[in-house]
Amino acid sequence: MEVDDAQLAQWRQKQLSVASRVVVPKISSYVENDDGDGNKCTGRWRCRYIMPPADVSAITHDGNAINKNSLLVGGLDVSFPKDDDNNQEAVAVYVILRYNNYPCTTITTTPQLVYRSHKFFKPTIPYIASYLAFREAIPLLQLISTQIQAQPEITPNVLFVDGNGQWHERRAGIACFVGVETGIPTVGVGKNFYSLDGVISKDDVMRGVKEGIECWYEEEVLRNAVDAKCVDGRKCLVVDGKHIEASKQEDSVSNEPTHKASMDEMLTSLHLIANGLSLPMLDRNTADVLAYALVGHGGNVCNGVRGVRNPIYISAGSNITLEDAVVLSAHLSKSRVPEPVREADSYGRKLLREQRTTRA
C-alpha cells in the first residue's frame, strides 16, 4: 500500500481522536504513595528508584478490588520476518499471564501462562515512524476481542504492548489505541528510543540516567549507609537492611570515596535494594511527564547480579497512571522487558522460525 500525504493527514486526525479519548485516572491503583518511601526521587533529574511491591490492594479499571492472590497481565507483540518483506506474513501474539501471589511478586517469580493466541497476517502498510498503530493494532485488537468473547473471566487487569503509549508526538501511540478500544488499562513498552520532538536524543536520556544513578548512589548508599560487621570477610555498608560491599566505596578515615564506582557496580548495589530506577521524560512544550526511561530492573534472566543497563521507555496507554505503568513494568520484569511482552515476543519469533522451516 502506498502511503501519500492525504493518507498521513487522515491518520493524524485519527490519532488526535484517539488521544482525546485516552483516560488518565486521578489516583494510582498499584502505587500506595507516589512520593513516599516506596518510590523516592533523587537528583536534579528527579529520577525515581522503585522499591519491591508492598502488600497493598490493587484496583481494577472498573473500581473493583483485585484478588491479591491473582493478577492477570496481558502481553501483546507483533513479530516480522527478518527481511521485513511485505509479501511475507507477520504474526501478532497475545498472551495472558497469571501472577498468583501479587503483590508479593519478585523477579524470580514464574507466572502461569493461562492463555495464548496468535494471528498470521500480511502487512499492507510499511513501517512509518509514529504511525505504528495503523500497521499492527488491528490484528492485536482482533486477538483481544476473540479472547473476551470466548473466555471473559481471564480478561487481563492490565495489558502490556510492545510500542509506545502517550510518549508520542500526538500522544497516541499503539498502546493508546489498544487501551481506548478495549477499555483495559494499557502500558506502552518502547524497546527503542523514540525522539518525541527531534531534539531530545538517546544520549540526553543516558546522561540523565547516569546522573540519576550517581545521585542515588551518593545519597542513599554512601551518605545514609552505616558500617556493618564484616560479612564473609568483607567490609560492608548496610542500606535498608541490605549488605553492600564497601571496600572500594568509602574510606573509613577520610570518609571520601577511594574509588569512583562504575555503572555496573552502582547497578549491582541498586539491584540489592530496588527493582529499578526511572528517569522522567518530558514534553518540552508542555513540561508534562509522558514517559519514564527505566533501568536497573530485571536481571534474573540476564545475569542475576544486577539490573539491565539499556533502558526501556514506559508510557501509559489509557486507563492507567504513568506511575502505575512504570512500577508494574519494574515489578514484572525478569529481563529487559516486562515478562508478558517477552513471552509474546519469544512465541512470535518461534512461530516465524517454524514457518520458515516449513516453507524451506
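So, here's what we can say about the structure. (Residues numbered from 1 in each chain as written. Predicted model: local features only at pLDDT ≥ 70, side-chain atom pairs only at ≥ 80, totals over all residues. Heavy atoms only, no water.)

**Remarks on the environment of Val326**
Stage number 1. Within the secondary structure, Val326 is located in helix α6 (residues 322-331).
Stage number 2. Taking C-alpha positions, Val326 is 9.4 Å from Val189, a pair spaced 137 residues apart along the chain.
Stage number 3. Those residues in contact with Val326 that lie beyond four places of it in its chain are Ile50, Ser278, Tyr292, Leu294 and Ile314. (Helix = DSSP H or I, 4+ residues; strand = E, 2+ residues; numbered from the N terminus. Contact = heavy atoms within 4.5 Å.)

**Some remarks on the side chain of Arg170**
Stage number 1. Relative to the elements of secondary structure, Arg170 occurs in the loop between β6 (158-162) and α3 (174-182).
Stage number 2. A polar atom in the side chain of Arg170 sits 2.5 Å from the side chain of Gln15.
Stage number 3. If we skip the residues at most four places from it in the chain, Arg170 touches Arg12, Gln15, Leu16, Ala19, Ser130 and Tyr131. (Polar contact = N/O pair within 3.5 Å; in protein donor to acceptor, adjacent residues only side chain to side chain.)

**Quick look at the pattern of salt bridges**
Stage number 1. Under the counting rule described, the total for this entry stands at 14 salt bridges.
Stage number 2. Taking the shortest distance from any N to any O, the salt bridge between Asp162 and Lys191 comes out at 3.3 Å. Separated by 29 residues along the polypeptide, Asp162 in strand β6 and Lys191 in the loop between β7 (186-190) and α4 (202-222) bring together distant segments of the chain.
Stage number 3. Taking the shortest distance from any N to any O, the salt bridge between Lys191 and Asp345 comes out at 3.6 Å. In this pair, Lys191 sits in the loop between β7 and α4 while Asp345 sits in helix α7 (residues 339-359), placing the two residues 154 residues apart along the sequence.
Stage number 4. Ionic contacts of the salt-bridge type, sharing partners, join the residues Asp77, Asp162, Lys191, Asp345 and Arg349 into one network. (Salt bridge = Lys/Arg side-chain N within 4 Å of Asp/Glu carboxyl O.)

**So, the layout of surface pockets**
Stage number 1. The computed volume of the largest pocket comes to approximately 870 Å³.
Stage number 2. As for the largest pocket, its lining consists of 34 residues, and the residues nearest its centre are Val78, Leu132, Glu136, Asp162 and Asn192.
Stage number 3. Broken down by secondary-structure element, the contributors of at least two residues to the lining of the largest pocket are β3 (71-79), α2 (133-150), β7 and α7. (1 Å grid on protein atoms, 1.4 Å probe; cavity = no way out; pocket = protein on both sides within 12 Å on 5 of 7 lines; lining within 4 Å. Points joined across faces, edges and corners; volume = space filled by probe spheres on them.)

**Describing unusual backbone geometry**
Stage number 1. The backbone of Arg171 sits at a positive phi, close to 55°, despite the residue not being glycine.
Stage number 2. Along the chain, Arg171 turns up in the loop between β6 and α3.
Stage number 3. For Asn319, which is not a glycine, the phi torsion comes out positive at approximately 70°.
Stage number 4. Following the sequence through the fold, Asn319 ends up in the loop between β13 (312-318) and α6.

**Some words on the packing of aromatic side chains**
In this description, an aromatic ring pair is defined by two values, namely the gap between the centres and the angle between the planes.
Stage number 1. Using the criterion set out here, one finds six aromatic pairs in the structure.
Stage number 2. Measuring from centroid to centroid gives 4.7 Å for Trp11 and Phe134, while their planes differ by 10°, and the two rings are stacked. Here Phe134 lies in helix α2 and Trp11 lies in helix α1 (residues 5-21), a separation of 123 residues in the sequence. The pair formed by Trp11 and Phe134 is uniform in burial state, with each residue classed as buried.
Stage number 3. Summarising the aromatic geometry, the rings of Phe193 and Tyr313 are spaced 5.5 Å apart at their centres and angled 70° between planes, so their arrangement reads as edge-to-face. Of this pair, Phe193 sits in the loop between β7 and α4 while Tyr313 sits in strand β13, placing them 120 residues apart in sequence.
Stage number 4. For Tyr313, a relative accessible area of 2% gives the class buried.
Stage number 5. Put simply, the rings of Trp11, Tyr131, Phe134 and Phe177 touch in pairs and so form one group of aromatic residues.
Stage number 6. Over the aromatic face of Tyr347 sits the side chain of Arg116, whose NZ or CZ is 3.8 Å from the ring centroid. (Phe/Tyr/Trp six-rings, centres within 6.5 Å; stacked < 30°, edge-to-face > 60°. Buried < 20%, exposed > 50% of the residue type's maximum accessible area, 1.4 Å probe, protein only. Lys NZ or Arg CZ within 6 Å of the ring centre and 35° of its normal.)

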